[in-house]
Amino acid sequence: MQRASQTDGREAERAALLRDVEAEIDETAEMTGLPRLPEAVRKAFLAVPRHWFVPQAHQAAAYDNHPLPIGAGQTISQPYIVALMTALSGAGPGKRVLEIGTGCGYQAAVLAETGAEVWTVEFVESLAASAAERLATLGYGRIHARQGDGNKGWPEAAPFDAIVVTAAAPSVPEALTDQLAPGGRLVIPVGPRSLPARAFFGGQELRVIEKAADGSLSERSALPVAFVPLVKG
Ligand code: SAH
């Protein structure tokens, strides 16, 4: 893909961010079961201009390994979490990937840069509209973005090889496991609404759910997490 990011002057910051993210992936490997980032995810991280997804007021922090506010009470996820979820989902060339919770579109862009075809759904109309515009401007024409309730998935485009949910669900929506292809993976934070005071451990866990060839589901917990809630439409 041809984009401004290739000569935007922030390449060194992206490389430094990737080093921070890889250090954290290494530190948490025992818990997550992910020893290192696949090359497709490393490349995606170096390619996506995160500063385009971050509000003006936070430009200086755009390549810090932290979540940041993006308006409408929502956040752009911590880069480490984006890398972890992308890797755990198995996103890569030729994969069909659904994301729930577009937000500013950063995770969708990272998924697309792995070579996957991406569908992404956002509930808040203003965010869905601005993310779609931003992704188009940056040349991510292969990303299908729409406003809607992600609890329902995207039935017309199913089945998916991977589904990545970037908001915490009280329980796993059945529509999402239904829309997984055999061999597919759903990566989803599950648990109660996290309180700001307990921002780090809100009692949510990141689950990896895998659908076997015979359609049966298995799941494991990969990490304690704190996500904004997946609302009911
Ligand atoms: N993926 C984003 C993170 C977004 S935060 C990133 O790259 O940084 C989670 C997003 O999920 C918010 O924008 C929120 O509005 C959205 N969301 C919450 N409930 C939803 C639902 N039921 N369907 C779709 N999006 C939802």
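Look a little higher up for the structure.
Since this is a predicted model, take the numbers as computed values, not measurements.

S.K.: Which residues make up the sheet that holds strand β4 (residues 117–122), and what are the values?
M.R.: Across the sheet, seven strands lie side by side as β5-β4-β3-β6-β7-β8-β9; this open sheet has mixed pairing. Strands at the two margins of the open sheet, each flanked by one partner only, are β5 (144–147) and β9 (217–225). Each strand of the sheet is rotated relative to its neighbour by a mean of 15 degrees, with strand direction disregarded. The sheet contact formed by strand β3 (residues 96–100) and β4 spans five bridges and is parallel. The residue of β4 that forms the bridge with Ile100 is Val121.

S.K.: Describe the pattern of salt bridges, naming the residues involved and giving the relevant values.
M.R.: The full count for this structure, using the stated rule, is nine salt bridges. Across the pair Glu156 and Arg146 runs a salt bridge, and its minimum N-O distance is 2.9 Å. Here Glu156 is found in the loop between β5 and β6 (160–165), whereas its partner Arg146 is found in strand β5, with ten residues between them in sequence. With a relative accessible area of 30%, Arg146 lands in the partly exposed category. The shortest N-O distance in the salt bridge between Arg207 and Glu205 comes to 2.6 Å. Each of Glu22, Glu39 and Arg42 takes part in salt bridges that share partners, so that together they form one network.

S.K.: If you had to explain the site of the ligand to someone new, which residues and values would you point to?
M.R.: Around the ligand, the structure places 26 residues, and the nearest of them are Glu99, Gly101, Glu122, Gly150 and Val231. Glu99 has a polar side-chain atom sitting 2.8 Å from a nitrogen atom of the ligand. Note that a nitrogen atom of the ligand is positioned 2.9 Å from one of the side-chain N or O atoms of Asp149. Protein burial of the ligand: of its 580 Å² of free accessible surface, 99% is covered by the chains. Counting residues per element, the ones that place at least two in the shell around the ligand are β2 (74–76), β3, α5 (106–113) and β4. The dominant element in the shell around the ligand, judged by the number of residues it contributes, is β2, at three residues.

S.K.: For helix α3 (residues 39–47), give the residues involved together with the corresponding values.
M.R.: Along α3, the residues that are buried comprise Val41, Ala44, Phe45 and Ala47. End-on, the buried residues of α3 take up no more than an arc of 165 degrees, which puts them together on one face. Its buried side turned inward, α3 meets α1 (11–27), α4 (79–89) and α5.

S.K.: Let's hear about unusual backbone geometry: which residues, and what values?
M.R.: Note that the residue after Ala158, namely Pro159, is joined by a cis bond; omega there is 5 degrees. Summarising the element assignment, Pro159 is placed in the loop between β5 and β6. Within the chain, Ala72 stands out as a residue other than glycine whose phi angle is a positive 55 degrees. Assignment of secondary structure puts Ala72 in the loop between β1 (68–71) and β2.

S.K.: Tell me about the packing of α3 against α5, residues and numbers included.
M.R.: A pair of packed helices is characterised by two quantities: the angle between their axes and the separation of those axes. Between α3 and α5, whose axes approach to 8 Å, the crossing angle comes to 130 degrees. The angle between the axes of α3 and α5 places the two elements in the oblique class. The hand of the α3/α5 crossing is right-handed. In this structure, α3 uses Ala44, Phe45 and Ala47 to contact α5, whose residues at the interface are Tyr106, Val110 and Glu113. Partitioned by chemical class, the residues of the contact of α3 with α5 number five nonpolar, no polar and one charged.

S.K.: Give me the packing of aromatic side chains: which residues, what numbers.
M.R.: The final tally for this structure, using the stated rule, is three aromatic pairs. Between Phe45 and Tyr106, the aromatic rings sit 6.3 Å apart at their centres with planes inclined by 85 degrees, giving edge-to-face as the arrangement. Within this pair, whereas Phe45 is found in helix α3, its partner Tyr106 is found in helix α5, the two being separated by 61 residues in sequence. Per residue, the accessibility class of Phe45 equals that of Tyr106, and both read buried.

Cut-offs applied
Residues numbered from 1 in each chain as written. Predicted model: local features only at pLDDT ≥ 70, side-chain atom pairs only at ≥ 80, totals over all residues. Heavy atoms only, no water. Pairing = 2+ DSSP bridges. Helix = DSSP H or I, 4+ residues; strand = E, 2+ residues; numbered from the N terminus. Axes fitted to C-alpha atoms, helices over the stretch in contact; angles between N-to-C directions. Salt bridge = Lys/Arg side-chain N within 4 Å of Asp/Glu carboxyl O. Buried < 20%, exposed > 50% of the residue type's maximum accessible area, 1.4 Å probe, protein only. Near = heavy atom within 4 Å. Polar contact = N/O pair within 3.5 Å; in protein donor to acceptor, adjacent residues only side chain to side chain. Areas by Shrake-Rupley, 256 points an atom, 1.4 Å probe, with all protein chains shown as cover. Arc of directions from axis to C-beta. Contact = heavy atoms within 4.5 Å. Parallel < 35°, antiparallel > 145°, perpendicular 65-115°, else oblique. Left-handed = near helix turned anticlockwise from the far one by under 90°. Nonpolar A, V, L, I, M, F, W, Y, C, P; charged D, E, K, R; others polar. Phe/Tyr/Trp six-rings, centres within 6.5 Å; stacked < 30°, edge-to-face > 60°.

Note that all results are geometric; they support no functional claim without further evidence.
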